[in-house]
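The lines below spell out each chain.
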Amino acid sequence: MKWITNKTVQSLLHHSTFVLFAIVLTVFGLLSQSFFSFQNLINVLTQASSLGIIATGMTFVLLTAGIDLSVGSIMFLAGVISSKMVVAGFPLWMAFSVVLAVGILFGLMNGFLVVRAKIVPFIVTLATFYMGRGLGLFLSETRAINLPDSFLKIGSTQFFGIPFPIIAFVCVVVIGHLLLTKTVFGKQVYAVGHSTLKSKKAGIKVNGILLKAYLICGLCASIGGLVAISQLGAVSPTFGLQSEFMAIAAAVLGGTSLFGGKGTVFPGTLVGVLLVQCIQNGLVMVNADPYLYPLITGGVIFLVVLIDSLRHLQQQKLKRWGIHQK
Amino acid sequence: MLLEFKDIHKSFGEVAVLKGIRLALETGSVLGLVGENGAGKSTLMNILGGIVPLSSGKMELSGKVYSPDSPNDAQTNGIAFIHQELNLFPNLSIAENLFIVNFPKKKVMGCHFLDRKTAREKTEKILSQVGLDVSPNMPVANLTAAQRQMVEIAKALSTNPKIVIFDEPTTSLTRHEAQKLFNLIRSLKNEGLAIVFISHNLDDVMQLTDHIAVLRDGELIAHDETTSYTIPTLVNLMIGRDMGDFIPRRDTVTSGETCLEVSGLKAGYIGPLDFSIEKGEVLGFYGLVGAGRSEMIRMVYGLDPMEMGTLRWNGRKMHNLNPVKWIKQGVAFLTENRQDEGLMIDQTIAKNVQLAVLPRYTKSLNRVDYKEVGKRSRAQADAVNTKYQNFTTQVVSTLSGGNQQKVVLAKWLLTKPELLILDEPTKGIDIGAKHEIYTLINALVKSGSSTVLISSEIEELLGLCDRIIVMSEGRISREFKKEEFERSAILEAALHHTEEEVL
Amino acid sequence: MGNTPKIKRTIFHGTALLLSFIGLLLSACSKKLERTTIGISFEILQTEYWVASIEAMKDASQKNKADYLEAVANGDANRQFEQINNFISRGVDGIVIAPKDAHTVIPIIKAANRANIPIVIYNRLPAENKGSYTTVVADNYDITKKTVKYMCEMARKSGNKHKAMILIGDLGDINAVHRRNGFNDAIAEYPDTIELVAEIPTEWNQEKALAGVTNALQAHPDISFIFSSSDFLFPSIISALKNVDKYHPTGHQKHVILGGFDGDAMAYKMLVEGYLDADGVQDVYYECDASIQAIIDRLDGRAVKQTISDPGFVIHKDNLKEMAPKMWGANWAKQ
C-alpha cells in the first residue's frame, strides 16, 4: 500500500511552503554571498513589513471564507489622508488616529454590507475598492504628495538596532496569532469559515464574527499603508495598487484556504510573506533578468497551489477508502 | 411526569401538521417515536427543542409551564437535541468543538484568553462518559463517523440535560457501532435521563425503547409499552392500513444470460473481485459499513479509478469507464449520497428528472424538445408516485427524503436502463416510500432489466434478490443463491473473515 | 420581518440616486454641438503626467477655438471603445485618444475611419499599421538615450568608474521597454566608465522600487549612477539612498549621478536643489498642440504626417532656466 508507507513524501507535501522556502533560501544563498548577511535579513523584513501586516488582516477575512479586495485602496486612502494632514500642519498623532479610523470605517462598511445586505464579499469589496481609490484620487487630485521628513524619520527609527517597520510587523503578527489561537473569537472565526449555518446552530453570533474580521482587515490595511509610506516618503497615485493580490497570494502561499476555515497567521501567512519577499530580494541580489521576476514569482505560487491540490486529492482518496490520516 | 405535551397544535400557514398531541415523558425511560416522514415527529421535537414555536396547547416541564423561545433557551432548561446531521466543525479539535461558545477562560494581563487546560480536563471527563478514548486535541476531521456521533452526544451531555432527543442517530453507523450507542443510551437512562429516540429502523426501536408513540398525519395514533407491539403491528399503525407483504413477491426467474461480467477488479484494499450478473436478475450486495461495496460499484461505474480489472458488458470489453459511457449503454447508477451526487438539490423536480435524457429528446439543430421531455418526465415521476405540489417550479430540497429518492429513481427509469445499480436506495426514507421502491424494482426486473442492489438491511435483500454476494474487508466472503438464503449465515459471512483466512 | 421597511428604504434611496445619475447623464448629453468639437478620450488619469496632458489638450483645443468632450475609461479598454462610439454618434469632428494599449486601439481606429472622423492616437503606437490615423508620440528611446549620455559624460569627467542601476517600468508597456533600450544603448558607448550591475523591475510600483533599490544597494554598496524610467519613482530612490547616506547634491563627494524621465514637478524641484543631474522631458505642450493641430489640418483638407514624433529634450542644470517653461512639471510645481 504505497500511500501509507510513503510517509516522507506525505510530510513533504504537507509542508510544501516550508520546503519551497528552504529551497529558495538555499539557492539564493549559494548564488549571492550577501544574501545571508544580517543587513540583508533586516532589509527583507523591513520590505516585508507592510505586506505582512496587510496579509495578516487578510488572513482573518479569508478564514471566514470571505475576501477583501479593498485593502490596497484603504492603504492608498490612508496614505493620502495622513500625508495631506501632515503637510497641512496637523500633528502626526492626529493624522495617525484619523487614518486608523478610516481603516476601521472601511472595514466596518465592508462587514456591514456583507452581514446585513447579504452581498457577496467579492462584490462588496470590489465596490469599496473603487470607492477608496476614487476618493483617494479625488483628495490628492491625482498628484503625488511628498511627505515631510518627520514622517520618514518614523520609518527609519530603530529600537535596539531593529527598524520600526519590523517592530510593527512583529506586533501585528503576534497579536493576530494570539487572537486566532488563544481567544474564543479566533476559534469562532474558524467555525464560521467552515460553515455559517452550523455556526448559527451552535449558537455563535456569526454576524459579529464576520464584522470583526472585516474590521481587523481594514485596520491592518491602514496600518500597513502607514508603515509603507513611512518608508517611501511619498504617496503616488499608484500607491497600493494590486496590494490586495499580493496579500491574498501571501496568505494562500502560507496555507490559508480560499474556502475558509483553514490557515494560520503564524507560521502560515508569515512564511508566505517572507517567501514572496525573499524571492524579490534574491532576484535583485543576483541581478536577474527583469523579465524573470513575474515568471519566478508566478511559478512558485503555482507550485504551492498545485502541491496543495495534490495533497487535497490524496486526502480525499484516503478518506473515501476509510483510512484516516493521523 | 418529567414532561407533558398538552394538546399541542401546530400549523404552517393553513397546513396543520400537529393536531392535538398529548404525550408524557418519564425520567429514566426511553420513548420511541415512530411514524412516516411528514407524520409530525420532527415538528413535535422541534417544538420541544425550541426551534419552532407551537400554535396552541402547552408543554409542562416538571410541572411548570415550559415555552422555549430559542434552542439555547431549551438547552438551559435541560433539553438536548442531537440532530441527524451532526453540527461539528471538522477543522477544529474535539475540545474546541465542545466549547465553541462557552470556552473556559482565564485572565492574563487583563485579557481573556482560552483556558485550554481546563477545557482539556473537562473534555476528557465528558469523553470518558461516552466511552470515547481519543485525545481532546484531536481534530474532528480525523474521527470516524461513529466517533463524531459520540462527540456530538458528548457535546449534548456537557450541558447536563434532563431530556436527550436522538433523531435518526444510527444511519451512518455500523451495526457494531450502533450497539455501542445503544449501550450508552441505556446507561444514560439508568442515570435517570429521559430519552426520545426517533428512528425508521423498527428493529432498533423495539430493542431499545420502553414505550413507543406512533404518529400519523399529525395525530398520536398509539402510545403504549414497547412489549405490546410487534413490528408488523407497528408498521400497520404507521401506514394506517394493512400492507400485506411488506416486501412484495416476484415470481420471475433469471434468463441465464450474462449481461455484466467483472473480473480481477482491484484498487487499494478492494479486491481482486470477480462476479457477474444475469439479465432479469436482482443481485444483492451485503456487508458492513466499510466492507467496500460502494467503493467497488463506484469503480465499476467509472466514478473512481481502478488499479486493474476487466469489465464485459453484453460480452464486449469496456475501456476507459465513465458514467456518460454507461448511461449510453443503458446502465444507470443511483448513488448512496442522493443529496450531493444524485440530485441538483436546489433545482426543480422537472430539471432533475429530465437531466439524464435531455440528449435523447432533441429536434433539429440539437435543440431540446422540452414539450416532449416535459410530458415524459412528468409521466415517469407520477409513475413512481412522487408527491409534489408543482412539477416544474418546486425545488427538490423541499421534498421529503423518500420523495427525493423517487425523483432520482424517476430520472434513471426514464433512461429505460438495462441495468440499474442501486446503492442504499432506502436509507433514511419512510416505510411507505420503501414499499413503493420495492414494487418499482420488481416491475423493472419483470420487464427484463437487471438490478444491482447494495443494502445494509438484510430483510430488504432477502425479499428482493435472486442472489446475494456478501463482502467483507474489500473481498467477497460468500455468495448465496436464493435457496441458500439464511439470515444468520449472511450476517456471519459479513462479520467474519474472507474464505481464504477461514481456511 | 423587521428588515422589510429597512430594505424598502434602501431600495427607495438607491432608486432615487440612480435616477439622479441618469438625469445628470442626460443633461450632459444634451449639449449642442455647433463649433468644431473634439472628443478627448483618456485611458486613465492615474499619474500627474496624464492630468497635465489632458489639461494641455483642453488648452490646445481652446486655443484653436474648438469645443471638446472628455471621457476617461479608468483603465477599461471596453469602456473606452464605448466612449469612442458615443463620441461618434454624437457627431464630434475629431477624436484624440490616449489608448489603453496598442491592440485595443485598432477597432477604435476602424470605427473612426468608418465614420470618417479624423483620429489622433496620443502617446502610444498602435500594434498594426492599418487604417488612417495620426500618432503623436514622444521618442522614448531617443530622449532616454540623450539623457543617459549626458549622465555618462558627467561620469566620465569625474574620472572614476561607476557602477550603474536602472529602474525599469512595467515590461508590458512599450514605452518602458524603449526607455530601457535607450539606456542600454547609451551606456554601451561608455564601457570604460559605466558598469551595469542592477536592473530593477518596478512594474511602475513605488514599493517594489523601494525594495529593489534597497536590495541592489545592499548587494552593491558602491553604486553611484542611477537612472529611473519614470520620475514618479524618485521618492522611493531618495528614501533608499537616505537610508545608506548617499543622497547628497552635486559636488558632494557621496553624490550619486541621478537621472530620470518624464519631467514632473518633483524632478523640477530636485533639479533646482541640485540632487538631480538630468531629466528627459516629454514636451507635453508640443504634443498636445500637434494633436489638436493635426485634427484641424485634416478637417481643413491639409496633408498630415502619419507619425508626429516629439523629440523631447534633456533638462539639466546648465539649461534649466531656458527650458523650464517648456517642462510641464515646472509649471505644475509653480501652480
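In this text the structure is predicted, and so the values were computed from the model without any measurement.

1. Here's the deal with the overall build of chain C
Moving on, step 1. The secondary structure content of chain C amounts to 12 helices and 12 strands.
Moving on, step 2. Projected onto the principal axes, the alpha-carbon positions of chain C cover approximately 70 × 70 × 35 Å.
Moving on, step 3. Counting every position in chain C, which comprises 335 residues, the buried fraction comes to 55%.
Moving on, step 4. The long-range fraction of contacts in chain C, counting pairs at least 24 apart against all pairs at least 6 apart in sequence, stands at 72%.
Moving on, step 5. As displayed, chain C offers around 14,900 Å² of accessible surface, 54% of which is attributable to carbon and sulfur atoms.

2. What about the interface of chain A and chain C?
Moving on, step 1. Residue-level contacts link 41 residues of chain A with 38 residues of chain C.
Moving on, step 2. Between chain A and chain C, a total of about 3,100 Å² is buried, with carbon and sulfur atoms accounting for 51% of that surface.
Moving on, step 3. Ranking the residues of chain A by area buried against chain C places A:R143, A:L232 and A:P290 at the top, with a combined share of 20%.
Moving on, step 4. If you look at where chain A meets chain C, you find 1 salt bridge.
Moving on, step 5. Where C:K242 meets A:D149, a salt bridge forms, and the shortest distance between an N and an O atom there is 3.4 Å.
Moving on, step 6. For the pair chain A and chain C, the interface holds 10 residue pairs in polar contact (both at pLDDT 80 or more).
Moving on, step 7. Only α4 (38–63), α7 (121–140), α8 (149–156), α12 (206–232), β4 (234–235) and α14 (265–285) of chain A provide two or more residues apiece to the side of chain A that touches chain C.
Moving on, step 8. Class assignment of the residues belonging to the side of chain A that touches chain C gives a composition of 17 nonpolar, 19 polar and 5 charged.

3. Focus: the pairing of strand β12 (residues 219–225) of chain B
Every regular strand shows the same layout, with side chains that alternate between the two sheet faces.
Moving on, step 1. As paired strands, strand β11 (residues 211–216) of chain B and β12(B) are joined by 6 bridges and run antiparallel to one another. If you follow B:L215 over to β12(B), its bridge partner there is B:L220.

4. Concerning the interface of chain B and chain A
Moving on, step 1. Of the residues lining the interface, 28 residues belong to chain B; the matching set on chain A comes to 26 residues.
Moving on, step 2. Summing both partners gives a buried area of about 2,400 Å² for chain B against chain A, and 62% of it is carried by carbon and sulfur.
Moving on, step 3. The largest share of the area that chain B buries against chain A comes from B:N87, B:F89 and B:I100, three residues that together contribute 21% of it.
Moving on, step 4. Run the count over chain B and chain A and you get 1 salt bridge.
Moving on, step 5. In this structure, B:E96 and A:K187 form a salt bridge, with 3.0 Å as the shortest nitrogen-oxygen distance.
Moving on, step 6. The interface formed by chain B and chain A contains 8 residue pairs in polar contact (both at pLDDT 80 or more).

5. Side note on the sheet that holds strand β2 (residues 15–25) of chain B
Residues and elements named next belong to chain B.
Moving on, step 1. Spatial ordering of the open sheet is given by β2-β1-β4-β5, a layout of 4 strands whose pairing is antiparallel. Looking at which strands have only one partner, the edges of the open sheet turn out to be β2 and β5 (64–66). Each strand axis lies, on average, 30° off the axis of its neighbour in the sheet, ignoring direction.
Moving on, step 2. Packed on one face of the sheet, helix α1 (residues 41–48) meets β1 (3–12), β2, β4 (56–61) and β5 and runs near 115° to β1.

6. What to know about helix α2 (residues 48–63) of chain C
Residue and element names in this part refer to chain C.
Moving on, step 1. With 16 residues, α2 should reach 22 Å at 1.5 Å per residue; the first-to-last C-alpha distance of 22 Å fits that figure.
Moving on, step 2. Along α2, 12 of the 16 residues are buried, which leaves the element largely enclosed by surrounding structure.
Moving on, step 3. Among the residues of α2, E48, Y49, W50, V51, A52, S53, I54, A56, M57, K58, A60 and S61 are the ones counted as buried.
Moving on, step 4. The positive-phi residue at the C-terminal boundary of α2 is K65, with phi of around 55°.

7. Some points on the packing of α4(A) against helix α7 (residues 206–219) of chain C
Moving on, step 1. The N-to-C vectors of α4(A) and α7(C) enclose an angle of 180°; their axes lie 10 Å apart at closest approach. Of the possible angle classes, the one that applies to α4(A) and α7(C) is roughly antiparallel. The segment α4(A) lies against α7(C), with A:Q39, A:N40, A:N43, A:Q47 and A:S50 engaging C:E207, C:A211, C:T214, C:N215 and C:Q218.
Moving on, step 2. The residue makeup of the contact of α4(A) with α7(C), split by class, is 1 nonpolar, 8 polar and 1 charged.

8. So, the packing of aromatic side chains
Moving on, step 1. Within this structure, the stated rule accounts for 19 aromatic pairs over all chains.
Moving on, step 2. Ring centres of B:F182 and B:F197 lie 5.9 Å apart, and the angle between their planes is 80°; on these two criteria the pair is classed as edge-to-face. Of this pair, B:F182 sits in helix α6 (residues 175–190) while B:F197 is found in strand β10 (residues 194–198), placing the two residues 15 residues apart along the sequence.
Moving on, step 3. A relative accessible area of 0% means that B:F182 is categorised as buried.
Moving on, step 4. Connected via pairs of aromatic rings, a cluster forms that spans C:F42, C:Y49, C:W50, C:Y122 and C:W328.
Moving on, step 5. Stacked on the ring of A:F76, the Lys or Arg A:R133 has its end atom at 4.4 Å from the ring centre.

9. Re the packing of helix α9 (residues 164–182) of chain A against α12(A)
Residues and elements named next belong to chain A.
Moving on, step 1. The geometry of α9 relative to α12 is characterised by a closest axis approach of 10 Å and an angle of 165° between their N-to-C directions. When the axis of α9 is compared with that of α12, the two are roughly antiparallel. Seen along the crossing, α9 lies across α12 with a hand that is left-handed. Listed contacts from α12 to P165, A168, V172 and L179 of α9 are I216, C220, V227 and Q231.
Moving on, step 2. Looking at the contact of α9 with α12 residue by residue, the classes come out as 7 nonpolar, 1 polar and no charged.

10. Some points on the pattern of salt bridges
Moving on, step 1. In this structure the tally under the stated criterion is 37 salt bridges over all chains.
Moving on, step 2. For C:K58, the salt bridge goes to C:E55, with nearest N and O atoms at 3.7 Å. One end of the pair is C:K58 and the other is C:E55, both in helix α2 and 3 residues apart, which spans about a single turn.
Moving on, step 3. For C:K58, a relative accessible area of 12% gives the class buried.
Moving on, step 4. Through salt bridges with shared partners, a single network forms among A:K187, B:E96 and B:R116.

11. Considering the environment of B:T118
Moving on, step 1. Relative to the helices and strands, B:T118 resides in helix α4 (residues 116–129).
Moving on, step 2. Sequence separation between B:T118 and B:E436 is 318 residues; the distance between their C-alpha atoms is 53 Å.

Calculation criteria
Residues numbered from 1 in each chain as written. Chains lettered and ligands numbered in written order. Predicted model: local features only at pLDDT ≥ 70, side-chain atom pairs only at ≥ 80, totals over all residues. Heavy atoms only, no water. Helix = DSSP H or I, 4+ residues; strand = E, 2+ residues; numbered from the N terminus. Buried < 20%, exposed > 50% of the residue type's maximum accessible area, 1.4 Å probe, protein only. Contact = heavy atoms within 4.5 Å. Areas by Shrake-Rupley, 256 points an atom, 1.4 Å probe, with all protein chains shown as cover. Buried area = accessible area lost by both parts, 1.4 Å probe. Salt bridge = Lys/Arg side-chain N within 4 Å of Asp/Glu carboxyl O. Polar contact = N/O pair within 3.5 Å; in protein donor to acceptor, adjacent residues only side chain to side chain. Nonpolar A, V, L, I, M, F, W, Y, C, P; charged D, E, K, R; others polar. Pairing = 2+ DSSP bridges. Axes fitted to C-alpha atoms, helices over the stretch in contact; angles between N-to-C directions. Expected span 1.5 Å × (residues − 1). Parallel < 35°, antiparallel > 145°, perpendicular 65-115°, else oblique. Phe/Tyr/Trp six-rings, centres within 6.5 Å; stacked < 30°, edge-to-face > 60°. Lys NZ or Arg CZ within 6 Å of the ring centre and 35° of its normal. Left-handed = near helix turned anticlockwise from the far one by under 90°.

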